[in-house]
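# Notes for the structure review
The lines below spell out each chain.
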Protein chains: 2
Amino acid sequence: MKIIETRSAPNPRRVRMFVAEKGITIAYEEMDLMKGALRTPEFTKLNKFQRVPVLVLDDGAVIAETMAICRYFEETHPTPALMGTGAKQRAQVEMWNRHMELGLMFAVASAFRHGHPAMAHLEVPQVKEWAEANKPKALEILKVLDEELGERQFVAGDTFSVADITALCAIDFMRPARITRPDGLKNIERWHGEVSARPSAKA
Amino acid sequence: MKIIETRSAPNPRRVRMFVAEKGITIAYEEMDLMKGALRTPEFTKLNKFQRVPVLVLDDGAVIAETMAICRYFEETHPTPALMGTGAKQRAQVEMWNRHMELGLMFAVASAFRHGHPAMAHLEVPQVKEWAEANKPKALEILKVLDEELGERQFVAGDTFSVADITALCAIDFMRPARITRPDGLKNIERWHGEVSARPSAKA
């Protein structure tokens, strides 16, 4: 079993954190997406959508997509639960993970992919106006997140979950995406310090 | 328990199909997003992100986000399984659902939200160049899906799953998004006929 990734990208970091929180040891193989390594015929055979991370199982089956890989490990290593327990909590974790992913991470990633000169050869066409439109979207979601984190310890409740992993990786990716975190988001600051101190944040 | 939705929108349709496949009866409440009904203070209190569908539980808890609502019902009504059984199949269903959602549905929805004149007051700023950039993206994913459906009956394997629901709702939403399905995608045509014939497709 191995995970193919590009270490500097935010989605592989989400999987590494998830795997580290589970205490799982697994082999990682590096492929530099910035150098076009995901466009080769060999990699395209593994994942027609040419994205990392990809999990290759011992039987050769391929699981692409960050959350699908996390789901696999949640099933094979249920403890500690990172996707909630019971119907209601599982739904709440999924809701908050999706707010952090489809809202925040996508806005930050769009600002990066469509705004950063180094992405111009990979994101075709690069739509600069779309990069700019996403920066205020990211900041709006941060404002909501700050309010929410005033009411509870973690993004989806009183327990650390995959939603915290997604939020941390998205917020830390704001720097390469050239979005400045506004001052005064005190609850995010408190939470960011706590979550960044977990050993998994350095995985 | 009730679901708040806008009947004509593709994400509420995904939830209705999912609920119908499970054989669950539930109350629906209509709110017309095109008329700004999701921007009211009352609805914003339910979902700060101002999107439908939203599931309101009997204890007042709110589950927003399509897949979080589906997850809730998958947990409370496990049969028939629509998200796979066992670690590997669950991961594969999630992978294909995400390919259909983050790839296809997002491209189609972006073409609609950023291209349709009726959305100009809701999607601010409306980035026309982004709408256009998404049309070829949607067609590329359709090409991959057509190849895949030449190898198996359903999107994620030999069993109907949430990935079929997402793909059907995305493909049927191509018409309002003004993307023409190319001729010659024979496997998609076969699958589209079969899946559209299920009673849940009319839910």
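Residues numbered from 1 in each chain as written. Chains lettered and ligands numbered in written order. Predicted model: local features only at pLDDT ≥ 70, side-chain atom pairs only at ≥ 80, totals over all residues. Heavy atoms only, no water.

## Topic: the relation of the copies chain B and chain A
Relative to chain A, chain B is turned by 180° and slid 0.0 Å along the rotation axis, the superposed coordinates differing by an RMSD of 0.0 Å. The superposition of one copy onto the other is thereby described by a two-fold rotation axis. Minimal C-alpha distance to the rotation axis in chain B is attained by B:Trp130, lying at 3.2 Å. Mapped onto chain A, 100% of the interface residues of chain B again fall at the interface, so both copies present the same surface. (Least-squares fit on C-alpha atoms with pLDDT ≥ 70 in both. Contact = heavy atoms within 4.5 Å.)

## Description of the pairing of strand β1 (residues 2-5) of chain B
Residues and elements named next belong to chain B. As paired elements, β1 and strand β2 (residues 27-30) share four bridges and run parallel to each other. The partner of Ile 4 across the bridge, within β2, is Glu 29. Handedness of the crossover joining β1 and β2 through helix α1 (residues 10-22): right-handed. Pairing analysis gives three bridges linking β1 to strand β3 (residues 54-56), with the strands arranged antiparallel. Along β3, the bridge assignment pairs Ile 3 with Leu 55. (Pairing = 2+ DSSP bridges. Helix = DSSP H or I, 4+ residues; strand = E, 2+ residues; numbered from the N terminus. Right-handed = clockwise from strand over helix to strand, strands pointing away.)

## Quick word on the packing of aromatic side chains
Applying the stated rule across the entire model yields ten aromatic pairs over all chains. With a centroid separation of 5.6 Å and an interplanar angle of 70°, the aromatic rings of A:Phe106 and B:Phe106 are classed as edge-to-face. Taken together, the residues A:Phe106 in helix α4 (residues 87-115) and B:Phe106 in helix α4 (residues 87-115) connect one chain to another. A relative accessible area of 25% means that A:Phe106 is categorised as partly exposed. Across the ring face of A:Trp96, the terminal group of A:Arg152 is positioned such that the distance to the ring centre comes to 4.9 Å. Across from the ring centre of A:Phe160, 3.7 Å away, lies the NZ or CZ of A:Arg198, which sits over that ring. (Phe/Tyr/Trp six-rings, centres within 6.5 Å; stacked < 30°, edge-to-face > 60°. Buried < 20%, exposed > 50% of the residue type's maximum accessible area, 1.4 Å probe, protein only. Lys NZ or Arg CZ within 6 Å of the ring centre and 35° of its normal.)

## Looking at the interface of chain B and chain A
It is common to give the size of an interface as the accessible area lost on bringing the parts into contact. Across the boundary between the two partners, chain B contributes 42 residues, which contact 42 residues of chain A. Here chain B packs against chain A, burying approximately 3900 Å² in sum over the two surfaces, 63% of which is carbon and sulfur. Of all residues in chain B, B:Lys48, B:Phe49 and B:Arg98 give up the largest surface area on contact with chain A, accounting jointly for 16% of the area buried on that side. At the surface where chain B touches chain A, the tally comes to 16 salt bridges. Across the pair A:Glu148 and B:Lys48 runs a salt bridge whose closest N-O atoms are separated by 2.8 Å. Linking chain B with chain A are 16 residue pairs in polar contact (both at pLDDT 80 or more), by the criterion used here. Of the residues assigned to the side of chain B that touches chain A, the class counts are 21 nonpolar, six polar and 15 charged. (Buried area = accessible area lost by both parts, 1.4 Å probe. Salt bridge = Lys/Arg side-chain N within 4 Å of Asp/Glu carboxyl O. Polar contact = N/O pair within 3.5 Å; in protein donor to acceptor, adjacent residues only side chain to side chain. Nonpolar A, V, L, I, M, F, W, Y, C, P; charged D, E, K, R; others polar.)

## Re the domain arrangement of chain A
Residues and elements named next belong to chain A. On domain assignment, one finds that chain A holds domain 1 (2-76) and domain 2 (87-202). A straight line from the C-alpha centre of domain 1 to that of domain 2 covers 20 Å. Every contact between the two is made by 16 residues of domain 1 and, on the other side, 21 residues of domain 2. Where domain 1 abuts domain 2, roughly 1700 Å² becomes buried across the two surfaces, and 59% of that area is made up of carbon and sulfur atoms. At the junction of domain 1 and domain 2, the tally comes to four salt bridges. Between Arg 71 and Glu 94 there is a salt bridge whose closest N-O contact spans 3.3 Å. Of all the secondary-structure elements, those providing two or more residues to the side of domain 1 that touches domain 2 are α1 (10-22) and α3 (66-76). Considering every element that reaches the side of domain 1 that touches domain 2, the biggest residue donor is α1, with eight residues. Residues of the side of domain 1 that touches domain 2, tallied by class, amount to seven nonpolar, two polar and seven charged. (Domains from an automatic or database assignment.)

## Brief notes about the pattern of salt bridges
Tallied over the entire structure, the rule returns 40 salt bridges over all chains. Of the charged contacts in the structure, one is a salt bridge between A:Lys48 and B:Glu147, with a shortest N-O distance of 3.0 Å. Of this pair, A:Lys48 sits in the loop between α2 (41-46) and β3 (54-56) while B:Glu147 sits in helix α5 (residues 128-149), on two different chains. When its relative accessible area of 38% is taken as the criterion, B:Glu147 is described as partly exposed. With a closest N to O distance of 2.9 Å, B:Glu101 and B:Arg14 form a salt bridge.

## Considerations on the nonpolar core
By size, the foremost hydrophobic cluster in this structure holds 145 residues, and its most contacted members are A:Phe73, A:Trp191, B:Phe73 and B:Trp191. Not counting residues up to four positions away in its chain, the partners in contact with A:Trp191 are A:Leu149, A:Gln153, A:Phe154, A:Val155, A:Asp164, A:Ala167, A:Leu168 and A:Ile171. Of all hydrophobic cores here, the second largest spans six residues; its members include A:Val127, A:Ala133, B:Trp130 and B:Ala133. (Core = buried A, V, L, I, M, F, W, Y, C linked by side-chain atoms within 4.5 Å.)

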